Amino acid sequence: MLNRAVLLRRTTLAAALTMGLTGVVFAQSTTGTIFGQAEAGETVTVTGSTGISRSATVDDSGRYRISNLPLGTYSVVLQKGGSTVDSRKDVSITVNAGTEVSFVAAANAQALASVTVTANALPAIDVSSVDSRTVITSQDLDRLPLGRSAEAIALLAPGVVQGSSYFAGQKAGSSVISFGGSSVTENAYYINGYNTTDPLSNLGGIGLPYGAIDQQEIYTGGYSAMYGRSDGGVISQVGKRGTNEWHFGGQVLWSPKFLAEDPRSILYPNNQLPDGYGYASKTLPGTPYRNRKDNVKWNTTYDLYAGGPLIKDKLFFFIAAEAEKEEGKSTTASSSGQPTNTYYKYDVPKYYAKLDWNINDSNILELTGISNKTEYSGTQYKYDYKTATEGALNGYDTSTKTGSDIYIGKFTSYITDDLTFTATYGQNRAIDYSNTPGLSPDRPYLYTPVYQDPSITGGTPIRNGNTVLYVKDPGAKNKTHGLRLDLEYKLGDHTLAAGIDNMHFNATNEGQQISGPGYAWIWGAVDDPNEALSPEQGVGAPGGDGYYVDKYVFTTTTSMSVSQKAQYIEDRWQINDKFLLSLGLRNDQFTNYNATGQAYVHQTNQWAPRIGFSWDVFGDSSFKVFGNLGRYYLALPNSVAIRGASPSTFTDEYFSYTGIDANGNPTGLTPLGPGPVSTNGEYGETPDPKTVAASNLKSQYQDEAILGFSKMLGSSWVFGAKGTLRKLQTAIDDVCDMDPLIAKAAAQGIDPDSVNLPNSCLIFNPGKTNTFLLANADGNGYQKVSMSTSDWGFTSGAKRKYYALDLFLEHPFDGKWQARVDYTFSRSYGNTEGQVLSTVGQDDVSKTQDWDAASLMVNSNGVLSNDRTHQLKAYGSYQIAPEWMVSGALRVMSGAPKACLGYYGEDNTDPAGGYRSAYRWCAGKPSNLGSMGHLPWQEIFDLGVTYRPAFADNKLAFSFNVFNVFNQRKPTVLDATYEKAPFTVSNTYGMTLYQTTPRYARFGVSYDF
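Below you will find a few notes about this structure. (Residues numbered from 1 in each chain as written. Predicted model: local features only at pLDDT ≥ 70, side-chain atom pairs only at ≥ 80, totals over all residues. Heavy atoms only, no water.)

Using the criterion set out here, one finds 44 aromatic pairs in the structure. In this structure an aromatic cluster arises from ring pairing among Phe-764, Phe-772, Trp-792, Phe-794 and Trp-851. Stacked on the ring of Tyr-305, the Lys or Arg Lys-240 has its end atom at 5.8 Å from the ring centre. Here the basic side chain of Lys-551 rests over the ring of Tyr-519, its NZ or CZ set 4.5 Å away from the ring centre. (Phe/Tyr/Trp six-rings, centres within 6.5 Å; stacked < 30°, edge-to-face > 60°. Lys NZ or Arg CZ within 6 Å of the ring centre and 35° of its normal.)

Rendered as structure tokens:
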């Protein structure tokens, strides 16, 4: 689906040991496991820091396993005949992983050989799991120089890259990430087992206050049938909890303005153009596009936490609060409706509270409350690019408030030593508020007034002060609730699990519309005034000197809901002492509803098999070979109903003009076309929910295969490798060219006049045979029309493949130092990025302009936007003296592929009608993604130093971190739109739109008791 918003933008120790290796995957679990070997018939008892105690009898094969243990430290005791014969203390467990504690029997059971297990000992490789993930602990977070977000932590994991800067996460201004070549909306976020992903469009998710993070899992593949709804990756955070010991502390962080560097200022390109091509404006090349001088930001963050026992061994609490305030200055582009200096402010309050109640020895209740909000406001002053001076107050930027209040309850019952039941219920109440103080309803937004006719303006564009193109309904909000029930039973060599996983999403008044009177004026110019703007839509040439204006209307506000249900069954089979087999099967059902509660997509019987293995080669947890195969289904988020299953208006009306009034309205208008035209047939009509999507629509799903190993290297190092192959089997997008559908209907004997033809795009599976319903004009029933790939004119279906080789070498933290190096060679290629389109920043999930018409997919096969062929990541810390520690993190990767989109073919036509410069052609030549080269390599190095004075017993710490030490300011996004009109090159093509964050520094003071 064509998106004008897009067109307008065009002009990441124990945890690390299991990195890429763990995998009995309880991906959104909040617990861990202790397992090991001992003499058959003996009893192993574990007792945690919260007083929880559980026991297991060593089976006939000499193995025991105690699962579903809350995170913390444990004492592990071996008993024989009721007497303690050996023990281990300070055993830390990792979320969703197994920690091995083995007792090797000697002839005399009273003198068992022992392997000392302490908090600082190098743990054995986790041979009890088969997935691919990285776990970062709170101790890692304290040592490493990292950004304070879930995404910044996730970038430590191999194969995880930052997504296009066009997209922002749920926290206003935050980045989004791509896992294993997938698009940025194909990930899932969890806190304490509850889904906190953006409930509207799946762009990012809510995270914990940084100081409240106990552990963060980053899943990059291979997770079990217990979890789904992601074919990218999973970020799962587990918050801290109170224990029998009191803890409290706080932290102050300051990123000062004087240590922040400016981004690079940008000029309009001034390139030698091919013969027959000219710039839309001959006066803009080489002139300032965006001044970034003094465009810096500064940040202050305050953290407090406290936790301990309300009743020893029984009732515990932990609370944390974080208040972040960021201020900065940003200068808008010279082409904007009104260039301004915006002085902005972000207030980001976060709260976390957790209550743990050991009801008795067999039952635990956990209650969690989370609040994460972002408030933005900005004051704008006029900026004159000719004199490079700031002027008078212009008004206020759109104020926003986004975020969530989340409430989670979890009940765990250890019914017997072998049978465990868990129930988790949660709610997410999300707000999506925006308002623009002082915005006049009478002044339309003026887009690219630099293209106004200079014979009218005298070369100085006429503006009206409106800086806001789109506005939202102030009452926009989202709400989710979810329930999952899990039952685990140990039966001999088998650990069986089964359960349900249900989520429901509601959205109210989401979407957007044009500010002011409800329309905007888009100014344009062409090099050849006699060239028709869009002959396929009946829009002719502007004549005169080639100047024209477009009256743009866009309204999409609506409400909608989604129901997602799933059931699973799983068997972890310990075949022998060395070989574990994990077998699982999941069934998902997804239903999407429009504003009136009518289902427009209903998908059932989506069976996802999962199989994995772990081979403890030597039987001593020093060498592990693992692998898995799995299928992963992805649900359509709520936002698909926007412009898909609900009424929307998206029209353009073109004119030439003879004057411009004081408010920037064109006067003396002469129509250049038949009136308002809509490329996608969006004229505000309500679509029939039965005709919106193919009746046999299948969910997007992906198959994945992983094979790898990890091995101890001496007593202090671990190394390993992993190969990954991912193949997208089915995608969902929309198709908007209705002529092939009408022709197929007629060929089937259906009179086109006897049915109601679609008035908007249709949701379908590219490359599959899709069956659509056409309502009879008399209101009595429907006609079926089946469309194959060739019927639409496409030559192939959706394709996305990803393969990668990951290599790692690690020295876990031993009290002195740690280090880890990962290298990933990968390729992501095909013709479909996924649910969004990074080349132009289109976030219409599963409704991108790709697949709208066959001509748009010509030359589409190539590398994909999230392809990074080479990635090198390294991080570590070193205790250089008892009071001093230094740390660093390095990310080096090759650049993303460049894109060039222009008019179709050598003749610069627009065969899809109204798409204009959206084809994979550049200056009349094919331009597959990547054929134009790649963006520069990125080399980002962050450095930190921490001082813990001995006089404060190491409880007080002073830190200093420098991010992007070498101040790289390389482009991350270039404008990909080649032309404004046939043979007329856009003045912004190839220009840097986004660049790496310049160097900045952060001071910190913390106290932990």
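Our next topic: empty space enclosed by the protein. One number sums up the size of the second largest cavity: a volume of about 360 Å³. What lines the second largest cavity is a set of 22 residues, among which Phe-35, Arg-63, Tyr-64, Arg-65 and Gln-574 lie closest to the centre. Looking at the lining of the second largest cavity residue by residue, the classes come out as four nonpolar, eight polar and 10 charged. (1 Å grid on protein atoms, 1.4 Å probe; cavity = no way out; pocket = protein on both sides within 12 Å on 5 of 7 lines; lining within 4 Å. Points joined across faces, edges and corners; volume = space filled by probe spheres on them. Nonpolar A, V, L, I, M, F, W, Y, C, P; charged D, E, K, R; others polar.)

Working definition: the covalent bond between the sulfur atoms of two cysteines is a disulfide. Applying the stated criterion across every chain, the model contains two disulfides. A disulfide bridge connects Cys-900 with Cys-922, and the sulfur atoms are separated by 2.0 Å. Between Cys-900 and Cys-922 the sulfur-sulfur dihedral comes to about 70 degrees; the bridge is accordingly right-handed. Placement of the pair is Cys-900 in the loop between strand E52 (884-893) and strand E53 (921-922) and Cys-922 in strand E53, with a sequence separation of 22 residues. (Disulfide = S-S within 2.5 Å. Helix = DSSP H or I, 4+ residues; strand = E, 2+ residues; numbered from the N terminus.)

A few words now on the pairing of strand E51 (residues 870-881). Pairing geometry for strand E49 (residues 817-830) and E51, over nine bridges, is antiparallel. Counterpart to Arg-820 in the pairing with E51 is Tyr-875. Linking two consecutive strands that pair antiparallel, namely E51 and E52, is a turn of two residues. (Pairing = 2+ DSSP bridges.)

By the secondary structure assignment, Ser-230 is in the loop between strand E13 (213-221) and strand E14 (234-239). Within the structure, the side chain of Ser-230 is placed 3.1 Å from the backbone oxygen of Glu-186, a separation counted as a polar contact. Excluding its chain neighbours within four sequence positions, the residues that come into contact with Ser-230 are Glu-186, Asn-187, Ala-188, Tyr-223, Tyr-632, Tyr-633 and Leu-634. (Polar contact = N/O pair within 3.5 Å; in protein donor to acceptor, adjacent residues only side chain to side chain. Contact = heavy atoms within 4.5 Å.)

Before going further, it helps to spend a moment on the layout of surface pockets. Considering only enclosed or pocket space, the second largest pocket measures out at about 780 Å³ in volume. In terms of lining residues, the second largest pocket is bounded by 32 residues, among which Leu-284, Lys-386, Val-450, Gly-459 and Pro-461 are the most central. Put simply, the parts of the chain that give the lining of the second largest pocket at least two residues each are strand E22 (363-384) and helix H5 (454-457). By residue class, the composition of the lining of the second largest pocket is 16 nonpolar, 10 polar and six charged.

Read from one edge of the open sheet, three strands run E44-E46-E47, paired in antiparallel fashion. Two strands in the sheet have a free side with no partner beyond their single neighbour: strand E44 (755-756) and strand E47 (782-787). Here strand E46 (residues 770-776) pairs with E47 via six bridges, running antiparallel. Each residue of the ladder has a partner; that of Asn-770, found in E47, is Met-787.

This part covers the environment of Glu-366. Within the secondary structure, Glu-366 is located in strand E22. Between the alpha carbons of Glu-366 and Phe-317 there is a distance of 9.8 Å; along the sequence they are 49 residues apart. Ignoring any residue separated from it by four or fewer positions in sequence, one finds Glu-366 in contact with Arg-241, Lys-354, Leu-355, Asp-356, Ile-408, Gly-409, Lys-410 and Thr-412. For Glu-366, the side chain forms a polar contact with the side chain of Lys-354, separated by 2.9 Å.

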